[in-house]
Amino acid sequence: MSAPSQAPSRSSAVIAPDVSSIVTEDDTPVDNIYSEKQQRLLTDALYTSWAGPPPEEDGLPRPFVATANVGVFSTPTDPPVVPDVLVSLDVRFGEDVREKEHRTYFVWIFGKVPDVVIEVVSNREGEEFGKKKRKYQRMLVPSYVVWDPAGWLSETPLQTFELRGSLYIKKRDALFEALGLGLVPWEGSFEGHVSTWLRWVDAAGTLLPTGAERAL
């Protein structure tokens, strides 16, 4: 009589997808000087002036990442979507960002999609209200923001969408309860350029200063 076959071990390790062949950077330049500065304005203020999202019951600070112009890969086979700015809560960058699995936003490595993605409209070709919006919706990104100060696609410069179920619903405000932050248009000078910019504000409506503003 043959010996009974053994059941597979429950402790078998999960094999992570091989990312060695995935193109994570293609050196595509940013759209223009305004877009580049707007992206940096949004990320700089978070890292210099934000303590992070509201603490949980244990009171401990919560980590976050904020990046500009970095690809988000939802699966190893689907092409990435590249938001101008993303914010993701309760995650950290890998210790060595030179390693390929830490050089971009692989959803299966971070364990979640970003909480907020922001698109800065610089022409009529980006499909911020079309293909890109549908991609973020399919990925179930909770909040999607379109900033269109030049009016390329809409007469409304700032539009925010909130995921309800599997669909984006347009919001009346640009407040994000999960972050304890909001976004507002702001007229002023950033790095010597006077324009209308998108800025973060805290729950009380106070602007989050950049590192340069804090140094004044």
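Residues numbered from 1 in each chain as written. Predicted model: local features only at pLDDT ≥ 70, side-chain atom pairs only at ≥ 80, totals over all residues. Heavy atoms only, no water.

Caption draft 1: Quick look at the sheet that holds strand E7 (residues 158–164). Taken in spatial order, the six strands of this open sheet run E1-E3-E5-E6-E7-E8, and their pairing is mixed. In the strand order of this sheet, the two ends are held by strand E1 (64–68) and strand E8 (167–170), each with one partner. With strand direction ignored, the average angle separating the axes of adjacent strands in the sheet is 20°. Across the sheet, helix H1 (residues 33–49) lies against E1, strand E3 (85–89), strand E5 (116–120) and strand E6 (143–147), angled at about 165° from E1, the strand it touches most. Contacts from helix H3 (residues 131–139) reach E5, E6, E7 and E8, with the element oriented near 120° to E8. (Pairing = 2+ DSSP bridges. Helix = DSSP H or I, 4+ residues; strand = E, 2+ residues; numbered from the N terminus. Axes fitted to C-alpha atoms, helices over the stretch in contact; angles between N-to-C directions. Contact = heavy atoms within 4.5 Å.)

Caption draft 2: Expanded view of the sheet that holds strand E10 (residues 181–190). The strand order across the open sheet built from three strands is E9-E10-E11, with neighbouring strands paired in antiparallel fashion. What marks the edges here is a single partner per strand, and that holds for strand E9 (175–176) and strand E11 (193–202). By the bridge criterion, two bridges tie E9 to E10 in an arrangement that is antiparallel. From the neighbouring strand, Phe176 faces E10, where its bridge partner is Leu181. Its contacts with the sheet place H1 against E10 and E11, and it is angled at close to 30° to E11.

Caption draft 3: Representation of the pattern of salt bridges. Under the counting rule described, the total for this entry stands at eleven salt bridges. For Asp115, the salt bridge identified is with Lys112, shortest N-O distance 2.5 Å. On the basis of relative accessibility, which here comes to 14%, the residue Asp115 falls in the buried class. Residue Lys112 is classed as partly exposed on the basis of its relative accessible area, which comes to 22%. (Salt bridge = Lys/Arg side-chain N within 4 Å of Asp/Glu carboxyl O. Buried < 20%, exposed > 50% of the residue type's maximum accessible area, 1.4 Å probe, protein only.)

Caption draft 4: Spotlight on the nonpolar core. Ranked by internal contacts, the top residues of the largest apolar core, which has 28 residues, are Leu46, Trp50, Val87, Ile118, Leu179, Leu183 and Trp200. Looking at this core, the elements that each hand over two or more residues are H1, E1, E3, E5, E6, E10 and E11. With five residues, H1 is the single largest residue contributor to this core. Apart from residues lying up to four places away in sequence, Ile118 is in contact with Leu42, Pro83, Asp84, Val85, Val145, Leu183, Leu198 and Trp200. Membership of the second largest hydrophobic core comes to 19 residues, among which are Val113, Val117, Val141 and Tyr144. (Core = buried A, V, L, I, M, F, W, Y, C linked by side-chain atoms within 4.5 Å.)

Caption draft 5: How the structure looks around the pairing of E3. Along E3, five of the five residues are buried, which leaves the element largely enclosed by surrounding structure. Here five bridges tie E1 to E3, and the two strands are oriented antiparallel to one another. Bridge pairing in E3 places Phe64 opposite Leu89. Alignment of E3 against E5, held across three bridges, turns out to be antiparallel. Residue pairing in the sheet places Val85 in a bridge with Ile118 of E5.

Caption draft 6: Representation of the packing of aromatic side chains within the structure. Enumeration according to the criterion identifies 13 aromatic pairs in this entry. Plain terms: the ring middles of Tyr47 and Phe64 are 5.3 Å apart, the flat faces sit at 25° to each other, and that makes the pair stacked. Residue Tyr47 is found in helix H1, and its partner Phe64 is found in strand E1; the two are separated by 17 residues along the sequence. Assessed through its relative accessible area of 14%, Phe64 is described here as buried. Centre to centre, the rings of Trp50 and Phe64 are 4.7 Å apart; their planes meet at 55°, and the pair counts as tilted. Of the two residues, Trp50 sits in the loop between H1 and E1 while Phe64 sits in strand E1, which places them 14 residues apart along the sequence. Side by side, Trp50 and Phe64 carry an identical accessibility label, which is buried. (Phe/Tyr/Trp six-rings, centres within 6.5 Å; stacked < 30°, edge-to-face > 60°.)

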